[in-house]
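So the chains spell out like this:
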Amino acid sequence: MGRVAIVTGGTRGIGRAICEALQKDGFNVVANYAGNDSAANQLKADTGIASYKWDVGDHEACLAGCAQVAEEVGPVDAVINNAGITRDGVLHKMSFEDWNEVMRINLGGCFNMAKACFPGMRERGWGRIVNIGSINGQAGQYGQVNYAAAKSGIHGFTKALAQEGARFGVTVNAIAPGYIDTDMVAAVPEPVLEKIIAKIPVGRLGQAHEIARGVAFLCSDNAGFVTGSTMSINGGQHMY
Ligand code: CAA
């Protein structure tokens, strides 16, 4: 069996595309998800990839979930921190809960998954962590102080943990997607989204598989010298 990879938020959208790309590259992939059982069943039916349900923002649930995966599938070699939510709104209308949920899940999830899996990778001398950041963590976005702060935090988290993993064969990188054709982006009000697309030099939304190929590269042996980096995949919308 190949190396074991966990993709959080792995049953839909970008996460599902990542699962499929890593499976194609020989990883033994499992998906984590929080709520949508039918998407998890569909993933299993289409690809054979098993899903494990827990909230990545819940520290204890993450430790228990990753321990279960290690026992049932094998020690975890690669973690893709993809799970994320939006609770968009301008600051003066944003509740503390909307702030806190985005920080807890999007940024806290990265910490929780790393706490569960990084020590084992370090001991075994090989590991890959890829964190899905965002163009909006690099450039900011009107109506997203919570999401932009969490995603920006992911980029800092990546660079710090990369320094801790480097001597042990554990690379830690981020991908900063631009606007990708997913349910999350489809939820942006149409007139707002039209204005955003008009500013993408490539002239279209990205596709989930275009992010997944970047993740697959970062998880490969060929990428052993790449660590602490952020790969921007955004159609030229923000050159950073
Ligand atoms: N810059 C400046 N002003 C802006 C603006 C912008 N980018 N966007 C909106 N405004 C202005 C509007 O023109 C409007 O002004 P007027 O009242 O003078 O006309 C005012 O702000 C209020 O705008 P809305 O009517 O849209 O206000 P709202 O409270 O109904 O909604 C919002 C605010 C929720 C932020 C809404 O604009 C929105 O959803 N924006 C999209 C945010 C976004 O891009 N989210 C990305 C989600 S996908 C994702 O995050 C994935 C990823 O990683 C890329």
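A few points on the structure. This one's a predicted model, so the numbers in the text were calculated from it and none came from an experiment.

**Details of the nonpolar core**
Here is step 1 of the chain: In this structure, Trp54, Val69 and Met113 are the most contacted members of the largest nonpolar core, which totals 31 residues.
Here is step 2 of the chain: Among the elements of the structure, β1 (4-7), α3 (59-72), β4 (76-81), α4 (96-124), α6 (145-165) and β6 (170-177) are those that each provide at least two residues to this core.
Here is step 3 of the chain: With nine residues, the top contributor of residues to this core is α4.
Here is step 4 of the chain: Here Val69 is in contact with Val4, Ile6, Val30, Tyr52, Trp54, Gly74 and Val76, once residues within four sequence places are set aside.
Here is step 5 of the chain: Counting 27 residues, the second largest nonpolar core, distinct from the first, contains Ala17, Ala31, Ile80 and Ala216.

**Quick notes on the site of the ligand**
Here is step 1 of the chain: Lining the immediate environment of the ligand, one finds 18 residues, of which Asp88, Ser134, Tyr142, Tyr147 and Tyr179 sit closest.
Here is step 2 of the chain: One of the side-chain N or O atoms of Asp88 is found 2.8 Å from a nitrogen atom in the ligand.
Here is step 3 of the chain: Contact with the protein chains covers 57% of the free accessible surface of the ligand, which is 1,100 Å².
Here is step 4 of the chain: Those elements that provide at least two residues to the shell around the ligand are α7 (183-186) and α8 (190-198).
Here is step 5 of the chain: A class-by-class count of the residues in the shell around the ligand yields nine nonpolar, seven polar and two charged.

**Describing the pairing of strand β3 (residues 50-53)**
Here is step 1 of the chain: Across four bridges, the pairing between strand β2 (residues 28-33) and β3 is parallel. Within β3, the position partnered with Asn32 by the bridge is Tyr52.
Here is step 2 of the chain: Crossover β2 to β3 through helix α2 (residues 37-47) is right-handed.

**Here's the deal with helix α1 (residues 13-24)**
In an α-helix, one turn spans 3.6 residues; hence positions three or four apart end up facing the same way.
Here is step 1 of the chain: For α1, with 12 residues, the first-to-last C-alpha span of 17 Å sits near the 16 Å given by 1.5 Å per residue.
Here is step 2 of the chain: Buried within α1 are the following residues: Ile14, Gly15, Arg16, Ala17, Ile18, Cys19, Ala21 and Leu22.
Here is step 3 of the chain: Backbone geometry just downstream of α1 places Gly26 in the positive-phi region, at approximately 100°.

**What to know about the pairing of β4**
Here is step 1 of the chain: Judged by how many residues are buried, β4 sits mostly within the fold: six of six residues are covered.
Here is step 2 of the chain: Sheet topology note: the β1/β4 ladder contains four bridges and is parallel. Paired with Ala5 across the strands is Ala78, a residue of β4.
Here is step 3 of the chain: Alignment of β4 against strand β5 (residues 127-132), held across four bridges, turns out to be parallel. Looking across to β5, one finds that Val79 is bridged to Ile129.
Here is step 4 of the chain: Running through α4, the crossover from β4 to the neighbouring parallel element β5 is right-handed.

**Quick word on the packing of aromatic side chains**
The relation between two aromatic rings is expressed through the spacing of the ring centres and the mutual angle of the planes.
Here is step 1 of the chain: Following the criterion strictly, the structure yields zero aromatic pairs and no others.
Here is step 2 of the chain: Directly above the aromatic system of Trp126 lies the positively charged group of Arg3, at a separation of 3.6 Å from the ring centroid.
Here is step 3 of the chain: When the ring centre of Phe168 is taken as reference, the NZ or CZ atom of Arg122 above it lies at 4.1 Å.

**As for the sheet that holds β5**
Here is step 1 of the chain: As summarised here, the arrangement of the seven strands in space is β3-β2-β1-β4-β5-β6-β7, forming an open sheet in which the pairing is parallel. Two strands in the sheet have a free side with no partner beyond their single neighbour: β3 and β7 (230-233). The mean inter-strand angle of the sheet, taken between neighbouring strand axes irrespective of direction, is 20°.
Here is step 2 of the chain: Relative to β6, β5 runs parallel, the two sharing six bridges. Its bridge partner being in β6, Gly127 is matched across the sheet by Val170.
Here is step 3 of the chain: Together, β2 and β3 form the strand contacts of α2, whose direction differs from that of β3 by roughly 155°.
Here is step 4 of the chain: In this fold helix α9 (residues 208-219) packs onto β4, β5, β6 and β7, with an angle of close to 165° to the strand it touches most, β6.

**Some points on the pattern of salt bridges**
Here is step 1 of the chain: Applying the stated criterion across every chain yields a total of 10 salt bridges.
Here is step 2 of the chain: Residue Arg124 is joined to Asp77 by a salt bridge in which the shortest nitrogen-to-oxygen separation is 3.9 Å. One end of the pair, Arg124, is in helix α4; the other, Asp77, is in strand β4, with 47 residues separating them in the sequence.
Here is step 3 of the chain: What makes Arg124 partly exposed here is its relative accessible area of 41%.
Here is step 4 of the chain: Residue Asp77 is classed as buried on the basis of its relative accessible area of 13%.

Definitions and cut-offs
Residues numbered from 1 in each chain as written. Predicted model: local features only at pLDDT ≥ 70, side-chain atom pairs only at ≥ 80, totals over all residues. Heavy atoms only, no water. Core = buried A, V, L, I, M, F, W, Y, C linked by side-chain atoms within 4.5 Å. Buried < 20%, exposed > 50% of the residue type's maximum accessible area, 1.4 Å probe, protein only. Helix = DSSP H or I, 4+ residues; strand = E, 2+ residues; numbered from the N terminus. Contact = heavy atoms within 4.5 Å. Near = heavy atom within 4 Å. Polar contact = N/O pair within 3.5 Å; in protein donor to acceptor, adjacent residues only side chain to side chain. Areas by Shrake-Rupley, 256 points an atom, 1.4 Å probe, with all protein chains shown as cover. Nonpolar A, V, L, I, M, F, W, Y, C, P; charged D, E, K, R; others polar. Pairing = 2+ DSSP bridges. Right-handed = clockwise from strand over helix to strand, strands pointing away. Expected span 1.5 Å × (residues − 1). Phe/Tyr/Trp six-rings, centres within 6.5 Å; stacked < 30°, edge-to-face > 60°. Lys NZ or Arg CZ within 6 Å of the ring centre and 35° of its normal. Axes fitted to C-alpha atoms, helices over the stretch in contact; angles between N-to-C directions. Salt bridge = Lys/Arg side-chain N within 4 Å of Asp/Glu carboxyl O.

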